[in-house]
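Summary of structural features
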Amino acid sequence: MKLSAPHAKFSALPLGVFSAIRYALGMRGSTDEQLMKQYAAGDVSAFEDLYERYRGPLYRYIQRQVHDPATVNDLYQGSWEKLIKARNRYKPAAPFRAWFFRIAHNHVVDHFRSKHETEALNPDQMTASAPQPGEALGNEQKQKRFRAALQDLPAEQKHTLLLKIEAGLGLEEIGKITGVKRETVKSRLRYATAKLKRTLQS
């Protein structure tokens, strides 16, 4: 699916000159919540700023769950489309980051449910700014074990791990998105991390 005007230019492409100029003029000072409120009121430039902030984290969040580049792009663009459609339902008191990644999470989960797919994370794409399990892999054999461990992680552990390392969400926020209690989130993160560590250390 393609974004319709005036949002059609928002793809996974480098930033435009106009956006860079606006950043230089200080537009980055607005919070995500303020920008979303402005966008809901009709300010398309506020959408552009939100897009620039979240295009990388959102793309990686999806890319690590889906192997096919075309499907990644479809889910990526679909997440933005869902944000556009839901803009009037956003409540400024809600943290934008958690609200947006709930939309993306549900979109990805719906995709897997509809296709009955069991796509695994792609460890070769684990390059986010946050520390990642596997960053210090030293040889091909370890990479193979790491890949196997990722493929064996239950879907709920994968989603939880990605919401933590890519979206940067806290335990409470992840719990609200995935519909579980805070302790369950901690447990899923603990099990996922322990399994990956065992793979790397074996």
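In short, a report on the structure. Keep in mind that what you see is a predicted model, and the values were worked out from it rather than measured.

Concerning the overall build of the chain
- What the chain contains, in helices and strands, is 9 helices and 0 strands.
- Partitioning the contacts of the chain with sequence separation of at least 6, the portion at a separation of at least 24 is 72%.
- For the chain, the computed accessible surface area is about 10,800 Å², with 52% contributed by carbon and sulfur atoms.

Comments concerning the packing of aromatic side chains
- Applying the stated rule across the entire model yields 15 aromatic pairs.
- With a centroid separation of 5.2 Å and 65 degrees between ring planes, the pair formed by Y54 and F96 is classed as edge-to-face. A residue pair is termed long-range when its members are at least 10 positions apart, and Y54 in helix α3 (residues 44-63) and F96 in helix α5 (residues 96-115) qualify at 42 residues.
- Where F96 meets W99, the ring centres are 6.0 Å apart and the plane angle is 45 degrees; that geometry is what we call tilted. Of this pair, F96 and W99 both sit in helix α5, 3 residues apart, roughly one helical turn. A single burial state applies to F96 and to W99, both of which are buried.
- Above the ring of Y191, the side-chain terminus of R190 is found at 5.8 Å from the ring centroid.

Points about the environment of R145
- Mapped onto the secondary structure, R145 falls in helix α6 (residues 140-152).
- Considering only alpha carbons, one finds R145 and Q201, 56 residues apart in sequence, at a separation of 10.0 Å.

Points about the nonpolar core
- Judged by nonpolar contacts, the single largest core of 45 residues is most densely connected at I62, W80, L83, F96 and W99.
- Those elements that provide at least two residues to this core are α2 (32-40), α3, α4 (69-85), α5, α7 (155-165), α8 (171-178) and α9 (182-201).
- Excluding residues within four positions of it along the chain, L83 makes contact with M36, Y39, F47, F96, W99, F100 and I103.

Overview of the pattern of salt bridges
- In total, this model carries 5 salt bridges according to the counting rule given.
- In this structure, the salt-bridge partner of D32 is R53, at a minimum N-O distance of 2.6 Å. Remark: R53 occurs in helix α3 and D32 occurs in helix α2; sequence separation between them is 21 residues.
- Take R53: its relative accessible area is 22%, and that puts it in the partly exposed class.
- Here E172 makes a salt bridge to R182, at a shortest N to O gap of 3.4 Å. Residue E172 is located in helix α8, and its partner R182 is located in helix α9; the two are separated by 10 residues in the primary sequence.
- Salt bridges linked by common partners bring R60, R64 and E166 together as one network.

Conventions used here
- Residues numbered from 1 in each chain as written.
- Predicted model: local features only at pLDDT ≥ 70, side-chain atom pairs only at ≥ 80, totals over all residues.
- Heavy atoms only, no water.
- Helix = DSSP H or I, 4+ residues; strand = E, 2+ residues; numbered from the N terminus.
- Contact = heavy atoms within 4.5 Å.
- Areas by Shrake-Rupley, 256 points an atom, 1.4 Å probe, with all protein chains shown as cover.
- Phe/Tyr/Trp six-rings, centres within 6.5 Å; stacked < 30°, edge-to-face > 60°.
- Buried < 20%, exposed > 50% of the residue type's maximum accessible area, 1.4 Å probe, protein only.
- Lys NZ or Arg CZ within 6 Å of the ring centre and 35° of its normal.
- Core = buried A, V, L, I, M, F, W, Y, C linked by side-chain atoms within 4.5 Å.
- Salt bridge = Lys/Arg side-chain N within 4 Å of Asp/Glu carboxyl O.

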